[in-house]
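Letter by letter, the chains look like this.
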Amino acid sequence: MRASWPHKFLLYSLLAGSASGLLSCSQTSNGAMSKGYHNLTAHFNAYVMARDDIDEVERYLFKNRKDNYNETLPILLPLDSNATQTVRPQLDDAIKKASLVAERHQNSKWLDNAYILVGKTRLYRQDLPNAIEVFKYVNTKGTDENDKHEALIYLMRAYTETGDFANGLTVAEYLRAQPLNKPNTRDFYLTKANLHQKKGENLIAAGILDATFPMLPKSEATARLHFIAGQLYEAGGKPALAAPHFQAVLKSRPNYDQEFFANIYLMQADGSDARQQARNAARFESMLADRKNSDLKDKIYFTMARADARRGNYDRALVNYNRAVQVGLTNTDQVPLTYADMGSIYFDQKRNYSKAQAYYDSALALLPQNNPLYAKLAGRKKTLDEFVANQTVIQREDSLQRLAQMNPAALDKLLDKVLDQKAKEDAAQLALAQQVTGRTSVAGAQATNSDLAPADRWVLYNPVQMAQGLQEFNQVWGNRPLTDNWRRLNKDASVAVASETSPLNGANPANATNPDPQLTATGNRPPVGNTLNQRKAQKDELYRQIPFSTEAIQKSNDLLESALYRQGKVYKFQLDQPTQAMVVLDQLLTRFPNSSYRPEAYYLMHLSAQQLGKTSPWRDRLLSEFPTSSYAKLASADGQATVAETGSSTAVRGGAVNEVAANQAYASLYNLFQSGNSTEALARTEAAIGTYGGSKIADKFALLRIILLGRVQNVEAYRQALGEFVRDYPTSPLLPHVKERQAAAEQLTAKRK
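Note that the structure is predicted; figures quoted are calculated from it, not measured.

Caption draft 1: The arrangement of the overall build of the protein in detail. Helix and strand content of the protein: 35 helices and zero strands. Relative to its 753 residues, the protein shows a buried fraction of 41%. A separation threshold of at least 6 residues defines the contact pool for the protein, and within that pool the share at least 24 residues apart is 60%. For the protein, the exposed surface amounts to about 41,600 Å²; the carbon and sulfur share of it is 52%.

Caption draft 2: Fine view of the packing of helix α6 (residues 145-162) against helix α7 (residues 165-176). One way to put it is that α6 packs onto α7 with a least axis distance of 8 Å and a crossing angle of 155°. Of the possible angle classes, the one that applies to α6 and α7 is roughly antiparallel. Considering the relative orientation of α6 and α7, their crossing is left-handed. Between α6 and α7, the contacting residues are H149, L152, I153, L155, M156, Y159 and T160 on the first element and F165, N167, G168, V171, A172, Y174 and L175 on the second. Of the residues assigned to the contact of α6 with α7, the class counts are 10 nonpolar, four polar and no charged.

Caption draft 3: Expanded view of the confidence of the model for the protein. Per-residue pLDDT for the protein has a mean of 80; in total, 78% of the residues score no lower than 70. Note on residues 14-24: pLDDT is under 50 here. Beyond four places in sequence and across chains, it has four contacts. Note that residues 637-654 has pLDDT below 50 and, in this model, 41 contacts with residues that lie over four places away or in other chains.

Caption draft 4: Quick peek at the side chain of H196. Structurally, H196 is set in helix α8 (residues 182-198). We classify H196 as buried; its relative accessible area is 7%. Setting aside residues up to four positions removed in sequence, H196 forms contacts with L169, E201, I204, A205 and I208.

Caption draft 5: Molecular detail of the nonpolar core. In this structure, I75, L209, F227 and F701 are the most contacted members of the largest nonpolar core, which totals 126 residues. Contacts of I75, omitting those with residues within four sequence positions, involve L190, A193, N194, Q197, A205, L209, R224, L225, I228 and L232.

Caption draft 6: Quick peek at the environment of S81. Its location among the elements puts S81 in the loop between α2 (32-63) and α3 (88-104). Classification of S81 by relative accessible area gives partly exposed; the value is 34%. Counting along the chain gives 45 residues from S81 to Q126, while the straight-line C-alpha distance between them is 7.1 Å.

Caption draft 7: Up close: the packing of aromatic side chains. Within the structure shown, the criterion is met by 26 aromatic pairs. With 4.8 Å between their ring centres and 25° between their planes, F246 and Y265 make a pair best called stacked. On the criterion of sequence distance, the pair formed by F246 in helix α11 (residues 239-250) and Y265 in helix α12 (residues 256-268) is long-range, its members being 19 residues apart. The same class applies to F246 as to Y265, namely buried.

Caption draft 8: Examining unusual backbone geometry more closely. Despite not being glycine, Q126 has its phi angle at roughly 65°, a positive value. Mapped onto the fold, Q126 is located in the loop between α4 (111-124) and α5 (128-141). Here Q126 falls in the partly exposed class, since its relative accessible area comes to 37%. Positioned with a positive phi, R351 is a non-glycine residue whose angle comes to about 55°. Checked against the element boundaries, R351 lands in the loop between α16 (335-349) and α17 (353-366).

Caption draft 9: Structural detail: the packing of α4 against α6. At a minimum axis distance of 10 Å, the contact between α4 and α6 shows a crossing angle of 10°. Here α6 runs roughly parallel to α4, going by the angle between their axes. Facing α4, whose interface residues are D112, N113, I116, K120 and L123, α6 presents D147, E150, A151, Y154, R157 and A158. Here the contact of α4 with α6 is built from residues that sort into five nonpolar, one polar and five charged.

Caption draft 10: Layout of the pattern of salt bridges. On inspection of all chains with the given rule, the structure shows 39 salt bridges. R88 is the salt-bridge partner of D92, the closest N and O atoms lying 3.6 Å from each other. Taken as a pair, D92 and R88 lie in helix α3 at a separation of four residues, close to a single helical turn. Since its relative accessible area comes to 36%, R88 is described here as partly exposed. As a salt-bridge pair, R402 and D398 come within 3.4 Å of each other at their nearest N and O atoms. Here R402 pairs with D398, and both are found in helix α18 (residues 372-404), just four residues apart, close to one helical turn. Here the residues in one salt-bridge network are D412, D416, D420, R535 and K539, joined through shared partners.

Caption draft 11: Molecular detail of the side chain of N113. Assignment of secondary structure puts N113 in helix α4. Engagement of the side chain of N113 in a polar contact is seen with the side chain of D147, the distance being 3.3 Å. Residues within four places of N113 in sequence aside, it is in contact with Y47 and D147.

So, how was this worked out
- Here, residues in each chain are numbered from 1, in the same order as that chain's written sequence.
- Local features in a predicted model are, by the rule used here, given only for residues with pLDDT of at least 70; side-chain atom pairs are given and counted only at 80 or more, and totals for whole chains, interfaces and linings are based on all residues.
- Working from all heavy atoms in the structure, the side-chain values ignore hydrogens and water.
- Elements are defined by DSSP. Helices are runs of H or I of four residues or more, strands are runs of E of two residues or more, and each kind is numbered from the N terminus.
- Residue exposure (1.4 Å probe, protein chains only): buried if accessible area is under 20% of the type maximum, exposed if over 50%, otherwise partly exposed.
- Pairs of residues are marked as contacts when any of their non-hydrogen atoms sit within 4.5 Å.
- Values of accessible area rely on a 1.4 Å probe in the Shrake-Rupley scheme; residue burial ignores everything except the protein chains shown.
- Inter-axis angles, ranging from 0 to 180 degrees, are taken between N-to-C directions of lines fitted to C-alpha atoms, where helices are fitted over the stretch in contact.
- Geometric relationships in this document are graded by angle, where less than 35 degrees denotes roughly parallel, more than 145 denotes roughly antiparallel, 65 to 115 denotes roughly perpendicular, and other angles denote oblique.
- Crossing handedness is defined as follows: a turn of the near helix away from the far one that is anticlockwise and smaller than a right angle gives a left-handed crossing, while the clockwise case is right-handed.
- Side-chain classes are defined by residue name, with Ala, Val, Leu, Ile, Met, Phe, Trp, Tyr, Cys and Pro counting as nonpolar, Asp, Glu, Lys and Arg as charged, and the others, Gly among them, as polar.
- pLDDT expresses, on a scale from 0 to 100, how confident the predictor is about each individual residue.
- Here, the term nonpolar core denotes a set of buried Ala, Val, Leu, Ile, Met, Phe, Trp, Tyr and Cys residues that are joined through side-chain atoms within 4.5 Å.
- Here the aromatic set is Phe, Tyr and Trp, taking the six-membered ring for Trp, and pairing holds for ring centres within 6.5 Å; pairs whose planes are under 30 degrees apart are stacked, those over 60 apart are edge-to-face, and all others are tilted.
- Just to be clear on terms, a salt bridge is a Lys or Arg side-chain nitrogen sitting within 4 Å of an Asp or Glu carboxyl oxygen.
- Whenever a nitrogen or oxygen atom comes within 3.5 Å of another N or O atom, the pair is scored as a polar contact, on the condition that within protein one atom can donate a hydrogen and the other can accept it, and that pairs from neighbouring residues in sequence are kept only if both atoms are in side chains.

What follows is the structure, given as structure tokens:
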């Protein structure tokens, strides 16, 4: 049946209306209906879901953060790809939902907000180049000023994360002049404070945080920021400004750790008020007695020690540092900081460099290499390693020479005492090792090689090495139970592939497959004959070390002379201890009056006396005894190398060596050498050696001088300089190259003869 004309008209009208409605809802249309539709759809079907994903990510990162209160906390949580692995699905979903707005709702008012979410997602993924492009796009193409400001704030954060502080500050200067709304003002302050903290400008960062707190509610996040402000003021040397922030932590709904460490910092900054110190001492004791702090005692003792050190009571500080180590051996985050502080007391205050080296060595063994403290400790330890090596040689050779002069009977009696003392120390070490490993019975070891000294046993029968191994294992893996497949994530998988005869499947036990009869203990006393033979061997070894012959004494003297010379240079240049340098160098010149090191020793004595403001005869002796030496040339103008000679005005002559100036001077001299001006380069290089003789690149200066001598002077001067390098820089990485040159020079001399 055919439709009537009125019905056809109604049908066509409906179709036309529907088409008109669809066209009006296009994302390219600016009509009210289209905008309303896309605003509604973009907001609830895309933007809100993406925003909720980002909020969930931020809540997770804040809740699962790992704050190390021994270091200054970062104002903004660091971007860490490992931390975001768990919330990677939320980040993927956020970028997918936010992208829908750009793809389907171009005329929506939520477009700028969606792009900002895309940029934030890329920021959390550490896709920084693309995040920067997104934020720049919003700033360029955005229509809402508040959204553009928000994008610029995140752009500043992205620049900070890449280390591009210059561009970050440029953005900050622009935003500072803009009328920001309250949320953007808060985020701007926090982001700018974070930038200055990353630059190391602690007081500026703390001042910006001060301006932020009126806009923040009481919360755990605010308590954290107050704590950071206090740390920044402490680091900037403003403890009076730090204390109010630590007090504010306690009023801002902190978590337990924040409250605990805020109290710790407040007690640490007790100043010189005797009553406050007494109150804090009582609070320390109260915190130690609190069972809730049983796993935090090491931090309490550590804080007590730091407070003692601030007041100059270094002996008491060391006692509390030792207590901190004893109660916190398993805390590998705290222990290295404790060792570092102890090393600093021995280095800076007590000048006991051997102990400082030992504590720095222990600290570096546990400290992560990305820790800001690591580079400083590694530099000090390198110097102290050289100091301890020299000191060991000096003490050993001096002692051995005195032993060689003793009456034979008295010497034999003394060596017996030495061996007895060593046996007692070995026994004490063995007992300690057994206590650490939990093996109070050594019957199994006695069944094998218990008659040997602990150091001579196989590692699995050596309790000392077992204890050391256990300690190293715990440092890497933590305190783990002794179970099969302890490193496997899925232990069932390894059990499933066990063979039919495996004890895991309840079949043949190990002893049934390879029977091993039980060994019986033979008592705690090793065979007498073996003990006597061992003692005789030990005494013979001691006798072999004593220099009785003329050749052995000469070898010992050579070692002693070289060690005294090197130790004097370490004191003068690396430790900046001119008084001790003069003492050691005087020993060198007194004991070895004909030493080949005399020219430089005279010069170093002259410089040390000059640094101390004393008059001395060493300059005159240098000029009279070695008038043609390079050190005499340096000393001829009151011991000062001029700026023109060194090519640098930044060298500090009397004090410690400026490493930056040394590198700059070397680069200048090397360029002069490459230009072919060898005569001037040699003169300047010899001057620079006197100025930068204690620098880390002193061996490079010396090698450059050798090469220039080969060009300017004769072969004999060249050969002599090579020999001096081998003598003066026995641990230099350039030594193999120098020895190759030395061998070539010897061959050339032999051919000429």
